[in-house]
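What follows is each chain in one-letter form.
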Amino acid sequence: IPLRGYITFKDVNFGYDEGKRVLKNINLYAKPGQKIAFVGSTGAGKTTVTNLINRFYEINDGTILFDGIDIRRINKHDLRSTMSIVLQDVHLFEGTIKDNIRYGRLDATDEEIIEAAKLANAHYFIKNLPNGYDTMLTADGMNLSQGERQLLSIARAAVADPTILILDEATSSVDTRTEKLIVEGMDKLMEGRTTFVIAHRLSTVRDSDAIMVLEHGEIIERGDHEELMNLKGRYYELNTG
Ligand code: GTP
Ligand code: MG
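Calculation rules
- Residues numbered from 1 in each chain as written.
- Chains lettered and ligands numbered in written order.
- Predicted model: local features only at pLDDT ≥ 70, side-chain atom pairs only at ≥ 80, totals over all residues.
- Heavy atoms only, no water.
- Axes fitted to C-alpha atoms, helices over the stretch in contact; angles between N-to-C directions.
- Helix = DSSP H or I, 4+ residues; strand = E, 2+ residues; numbered from the N terminus.
- Parallel < 35°, antiparallel > 145°, perpendicular 65-115°, else oblique.
- Left-handed = near helix turned anticlockwise from the far one by under 90°.
- Contact = heavy atoms within 4.5 Å.
- Nonpolar A, V, L, I, M, F, W, Y, C, P; charged D, E, K, R; others polar.
- Expected span 1.5 Å × (residues − 1).
- Buried < 20%, exposed > 50% of the residue type's maximum accessible area, 1.4 Å probe, protein only.
- Arc of directions from axis to C-beta.
- Pairing = 2+ DSSP bridges.
- Phe/Tyr/Trp six-rings, centres within 6.5 Å; stacked < 30°, edge-to-face > 60°.
- Domains from an automatic or database assignment.
- Core = buried A, V, L, I, M, F, W, Y, C linked by side-chain atoms within 4.5 Å.

**Re the packing of helix α4 (residues 110-119) against helix α6 (residues 146-160)**
At a closest axis distance of 8 Å, the pairing of α4 and α6 adopts a crossing angle of 130°. Put simply, α4 runs oblique to α6. Crossing of α4 over α6 shows right-handed handedness. Contacts between α4 and α6 involve Glu-112, Ile-113, Ala-116, Ala-117 and Leu-119 from the first element and Ala-155, Ala-158 and Val-159 from the second. For the contact of α4 with α6, a count of residues per class yields seven nonpolar, no polar and one charged.

**Digging into helix α7 (residues 176-190)**
In an α-helix, one turn spans 3.6 residues; hence positions three or four apart end up facing the same way. Between its first and last C-alpha, α7 extends 21 Å over 15 residues, near the 21 Å set by a 1.5 Å rise per residue. Along α7, the positions that sit buried rather than exposed are Thr-178, Ile-182, Gly-185, Met-186, Leu-189 and Met-190. Relative to the axis of α7, the buried residues are bounded by an arc of 130° and lie together on one face. Opposite the buried face of α7, at more than 90 degrees from it, the exposed residues are Thr-176, Arg-177 and Lys-180. With its phi angle positive at about 80°, Gly-192 sits one or two positions after the end of α7.

**Some thoughts on the sheet that holds strand β10 (residues 194-198)**
Hydrogen bonds between backbone atoms are what pair the strands of a sheet, whose relative direction is either parallel or antiparallel. Taken together, the six strands give an open sheet; going across it, the order is β6-β9-β10-β3-β11-β12, and neighbouring strands pair in mixed fashion. Because the sheet does not close on itself, it has two edges, and the strands there are β6 (83-86) and β12 (218-223). Strand-to-strand, the axes of this sheet are offset by a mean angle of 20°, without reference to chain direction. Judged from the four bridges that link them, strand β3 (residues 35-39) and strand β11 (residues 210-215) form a sheet pairing that is parallel. Each bridged residue has a counterpart across the sheet, and for Ala-37 the counterpart in β11 is Ile-211. With respect to the sheet, α6 is in contact with β6 and β9 (164-168), its orientation differing from that of β6 by roughly 170°. Of the strands in this sheet, β3, β6, β9 and β10 touch α7, which is tilted by about 155° from β9.

**Some words on α6**
The first and last C-alpha atoms of α6 sit 21 Å apart over 15 residues, in line with the 21 Å expected at 1.5 Å per residue. Every buried residue belonging to α6 is among Gly-147, Arg-149, Gln-150, Leu-151, Leu-152, Ser-153, Ile-154, Ala-155, Arg-156, Ala-157, Ala-158 and Val-159, and all of these are buried.

**Side note on the packing of aromatic side chains**
Using the criterion set out here, one finds six aromatic pairs in the structure. When the centroid spacing of 4.8 Å and the interplanar angle of 85° are considered together, the rings of Tyr-16 and Tyr-57 count as edge-to-face. Here Tyr-16, found in the loop between β1 (7-14) and β2 (23-30), pairs with Tyr-57, found in the loop between α1 (46-53) and β4 (61-66); they are 41 residues apart in sequence, far enough to count as distant. An angle of 25° between the planes, with centres 6.3 Å apart, marks the rings of Phe-38 and Phe-196 as stacked. With Phe-38 in strand β3 and Phe-196 in strand β10, this pair connects stretches of sequence that are 158 residues apart. Exposure remark for Phe-196: the relative accessible area of 0% places this residue in the buried category.

**Some details on the domain arrangement of the chain**
Considered domain by domain, the chain is made up of domain 1 (1-82 + 167-172 + 193-241) and domain 2 (89-161). The distance between the C-alpha centroids of domain 1 and domain 2 comes to 28 Å.

**What to know about the side chain of Ser-153**
Position of Ser-153 among the secondary structure elements: in helix α6. What makes Ser-153 buried here is its relative accessible area of 5%. For Ser-153, the contacting residues outside a window of four places in its chain are Ile-85, Val-86, Leu-87 and Val-90.

**Notes on the nonpolar core**
Grouped together as the largest cluster of nonpolar side chains are 40 residues, with contacts concentrated most on Val-86, Ile-101, Ile-126, Leu-152, Met-186 and Leu-189. The dominant element in this core, judged by the number of residues it contributes, is α6, at seven residues. Among the domains, domain 1 (1-82 + 167-172 + 193-241) and domain 2 (89-161) are the pair contributing at least three residues each to this core. Leave out the neighbours within four places in its chain, and Val-86 touches Ser-153, Ile-154, Ala-157, Leu-165, Ile-166, Leu-167, Asp-168, Met-186 and Leu-189. Phe-9, Val-49, Ile-74 and Leu-214 belong to the second largest nonpolar core, which has 29 residues in total.

Below is the structure:
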């Protein structure tokens, strides 16, 4: 059965080490196509939430449901194949650009790869490289700029066609023109997928269906941008401070 992308957290508690709870009583509900954002100070637990959805770590108590199914009952490989993590520390390997976009989707055709690169706004820089899609990358993709690596990350996710997208925004800055390309590519990629956004730029979260403000592992405020601004609490402070 194809997964649709409903994610529910029910009273989730989690700690990496015994005795120290990093997430406390997290409750949330995401529907297919919705964009849920997490904001909050460094160390608040934003990345940890996404580690749990992927089952990189197992929760201590509570439940996480994927389309109503406890994720502990879903095979880890199957679960992860429905999810893509974009932007943060994109892992590139020594090989062509084409192979780096194809990644786990070994059956992806050249046409699918080019289509994904176009959606991601990566096609333009790729076709201007001397060897285009056949350009060899070094292990870290160090022969590409930070922004170009992020565009490849979006292209790779587009080929993977995941049900769930996790956008962990890189802290490093890119130029305004590239930033615009990234934002456009991400917007197209998010369409119809459940997206969890960890954003450092508050402009990225503004149009989210729900914004969760995390502090010390707890959701202290939730709502859309307007609701949270009217609340004049922590989110308001982050936007105006
Ligand atoms: P930023 O990415 O800096 O904005 O923070 P974040 O909100 O993503 O915080 P994160 O979820 O990474 O960390 C929450 C807490 O868990 C912090 O106190 C971290 O020190 C701790 N933590 C994160 N990853 C690990 C880990 O792999 N092992 C252990 N023991 N602690 C971790
Ligand atoms: Mg983080």
